[in-house]
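Examination of the molecular architecture
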Amino acid sequence: MIMRIFQVTTRPGKEEEFGRFFRDTAIPLMKSTPGIVYLFPGAPREDAPREFSFVMVWESLEALKSFVGEDYQSPHIDPIEAELVESRSIKHYDLVDG
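Here the structure is a predicted model, which means the values were calculated and not measured.

Moving on: helix 1 (residues 15–31). When the local axis directions of helix 1 are compared, the greatest deviation, roughly 40°, occurs at Phe 22. Buried residues of helix 1: Phe 18, Gly 19, Phe 21, Phe 22, Ala 26, Ile 27 and Met 30, and no others. Residues of helix 1 that are buried sit in contact with strand 1 (2–10), strand 2 (36–42), strand 3 (51–58), helix 2 (61–68) and strand 4 (85–94).

This is the structure:
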């Protein structure tokens, strides 16, 4: 399994608008995506009010690629959110049973 950590920092003043997109569009979309085993959406905390994240566990690299394409190491965003986002990052890990 593959663990994918996607983090977004919103543009200043866009936290509320991005928060609506996150709750109303991004979370439901990811919950319904084939190949995702676990989804952990993260909302901002007081010490980092512009940071949102997703921790996703995918059943396989192939499942992830079927959703985002061969360029799975680039953070993909919906065009709707592009004007709301200042920066984004993506990391992948092999999931370890513990």
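A word on a nonpolar patch on the surface. On the surface, Met 1, Val 37, Tyr 38, Phe 40 and Leu 95 cluster together to form a nonpolar patch covering roughly 460 Å² of accessible area. The topology assignment puts Phe 40 in strand 2. Assessed through its relative accessible area of 47%, Phe 40 is described here as partly exposed.

On to the pattern of salt bridges. Applying the stated rule across the entire model yields four salt bridges. Among the salt bridges present, the one from Glu 70 reaches Lys 65, with a minimum N-O distance of 3.4 Å. For Lys 65, a relative accessible area of 25% corresponds to the partly exposed category.

Here we come to the nonpolar core. Judged by nonpolar contacts, the single largest core of 22 residues is most densely connected at Phe 18, Phe 22, Met 30, Phe 54, Met 56 and Trp 58. The set of elements that each furnish at least two residues to this core consists of strand 1, helix 1, strand 2, strand 3, helix 2 and strand 4. Take this core: its biggest share by element is six residues, from helix 1.

Criteria and thresholds
Residues numbered from 1 in each chain as written. Predicted model: local features only at pLDDT ≥ 70, side-chain atom pairs only at ≥ 80, totals over all residues. Heavy atoms only, no water. Bend = angle between axes of the 7 residues up to and from the residue. Helix = DSSP H or I, 4+ residues; strand = E, 2+ residues; numbered from the N terminus. Buried < 20%, exposed > 50% of the residue type's maximum accessible area, 1.4 Å probe, protein only. Contact = heavy atoms within 4.5 Å. Patch = residues over 30% accessible without salt bridge, like charges linked within 9 Å, V, L, I, M, F, W, Y side chains within 5 Å. Areas by Shrake-Rupley, 256 points an atom, 1.4 Å probe, with all protein chains shown as cover. Salt bridge = Lys/Arg side-chain N within 4 Å of Asp/Glu carboxyl O. Core = buried A, V, L, I, M, F, W, Y, C linked by side-chain atoms within 4.5 Å.

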